[in-house]
Amino acid sequence: MNEAASTLEGWYALHDFRSMNWTAWKAADDEERAVALDELQEFWNDWKNVEEASQGSTVVYTVVGQKADFVMMHLRETLEDLKAVENAFNKTTFAKYTTKAYSYVSVVELSNYLGKEGEDPMQNPEIVARLKPVLPQRQYICFYPMNKKRELNDNWYMLSMDERRTMMRSHGMIGRSYAGKVKQIITGSVGFDDWEWGVTLFADDALQFKKLVYEMRFDEVSARYGEFGSFYVGSLLNESTLEEMLKL
């Protein structure tokens, strides 16, 4: 049996994709819509309080295309905390004007492929910050799930640790070349969802997503062993831009 990569886990993650029921939203009267928006504002304030207490983080983005209208990405300390924030949103008046389009459950993950021998990673403030990150308020988001192949000769899990480590170091160099342009958060989902990892990218220039993912496709880790799910891309929402989006 090949050596499994050891992992460090941080905050749990929920990508909650929602579509608007525009017919119901337009059919509501002004007072009903105002109540819904007021409740949503209270909910938004609760998210800010959680982040200020260093107990999690939340961002909200539109989604371009037919897959959803917006996504709420929540990071929380436990799965129970994730379920609580999901339930709290479901109980708001605003939630009745939405339908669930897609969701993804995972946990922020770092593997030992890129670690240093003999180092206690939890004593490194930089690593702790990566495991429990404050989600960036970049203009654009890109999310996609992915697997490593388990097919005949292209079986990632049959490679030795040394082979996997060498390839992941090369793969990681591409990501580091986009430092400052793209913020990347990797979440592990083996046993949690249908794919093995979720990749969330943040940038102020959406074209950087295309450039980064395209360049990585030529690296052996992706070209030979990568399998990718649907891509979701959108732009940042705050209280004012959300109100503008919902204005009739």
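In the annotation of an unreviewed UniProt entry, the chain is listed under the name Coproheme decarboxylase and assigned to Paenibacillus amylolyticus. Turning to the chain, the UniProt record has this under Pathway (unreviewed entry): "Porphyrin-containing compound metabolism; protoheme biosynthesis." As its UniProt record puts it under Sequence similarities (unreviewed entry), the chain is described as follows: "Belongs to the ChdC family. Type 1 subfamily."

(A) Spotlight on helix α5 (residues 161-176). Over its 16 residues, α5 extends 22 Å from the first C-alpha to the last, a length consistent with the 22 Å expected when each residue adds 1.5 Å. Along its buried surface, α5 packs onto α6 (207-217) and α7 (220-225).

(B) Highlighting the layout of surface pockets. Volume-wise, the second largest pocket comes out at about 150 Å³. Considering the residues around the second largest pocket, the lining is formed by W44, W47, K48, E51, T58, V59, V60, Q137, L236, L237, N238 and E239. Of all the secondary-structure elements, those providing two or more residues to the lining of the second largest pocket are α2 (30-52) and β2 (56-62). Looking at which element gives the most residues to the lining of the second largest pocket, the answer is α2, with four residues. Residues belonging to the lining of the second largest pocket are distributed by class as follows: six nonpolar, three polar and three charged.

(C) Looking closely at the environment of V60. Examined against the element boundaries, V60 turns out to sit in strand β2. When its relative accessible area of 5% is taken as the criterion, V60 is described as buried. Separated by 33 residues in the primary sequence, V60 and A27 have C-alpha atoms spaced 25 Å apart. Ignoring sequence-local partners within four residues, the contact set of V60 consists of W44, W47, F70, V71, M72, L236 and L237.

(D) Seen up close, the UniProt feature "binding site: Fe-coproporphyrin III" (unreviewed entry) in the chain. As recorded in UniProt, the sites labelled "binding site: Fe-coproporphyrin III" (unreviewed entry) are R130, Y144, P145, M146, N147, K148, H171, Q184 and S222. Of the residues just listed, which span 93 residues, the most distant C-alpha pair is 22.9 Å apart, and they do not cluster in one region. Along the chain, Y144 turns up in strand β5 (residues 140-148). Aside from chain neighbours lying at most four places away, what touches Y144 is W197, G198, V199, L201, V213, F228, S230 and F231. Among the secondary structure elements, M146 is positioned in strand β5. Since its relative accessible area comes to 11%, M146 is described here as buried. If near-sequence neighbours (up to four positions away) are discounted, M146 is found in contact with W195, E196, W197, V199, E227 and F228.

(E) Expanded view of the pattern of salt bridges. This model, assessed by the stated rule, comprises 10 salt bridges. Of the charged contacts, one joins E196 and R150 as a salt bridge, the two residues approaching to 2.8 Å between their closest N and O atoms. You can see E196 sitting in the loop between β8 (182-188) and β9 (197-203) and its partner R150 sitting in strand β6 (residues 150-151), a full 46 residues away along the chain. Residue classification places E196 among the buried positions, given a relative accessible area of 10%. When the shortest N-O distance is used, the salt bridge between R224 and E220 registers 3.4 Å. Here R224 pairs with E220, and both are found in helix α7, just four residues apart, close to one helical turn. Accessibility expressed as a relative area gives 37% for E220, which makes it partly exposed.

Scoring rules and cut-offs
- Residues numbered from 1 in each chain as written.
- Predicted model: local features only at pLDDT ≥ 70, side-chain atom pairs only at ≥ 80, totals over all residues.
- Heavy atoms only, no water.
- UniProt positions renumbered as here; feature names shortened; annotations may be inferred.
- Helix = DSSP H or I, 4+ residues; strand = E, 2+ residues; numbered from the N terminus.
- Expected span 1.5 Å × (residues − 1).
- Contact = heavy atoms within 4.5 Å.
- 1 Å grid on protein atoms, 1.4 Å probe; cavity = no way out; pocket = protein on both sides within 12 Å on 5 of 7 lines; lining within 4 Å.
- Points joined across faces, edges and corners; volume = space filled by probe spheres on them.
- Nonpolar A, V, L, I, M, F, W, Y, C, P; charged D, E, K, R; others polar.
- Buried < 20%, exposed > 50% of the residue type's maximum accessible area, 1.4 Å probe, protein only.
- Salt bridge = Lys/Arg side-chain N within 4 Å of Asp/Glu carboxyl O.

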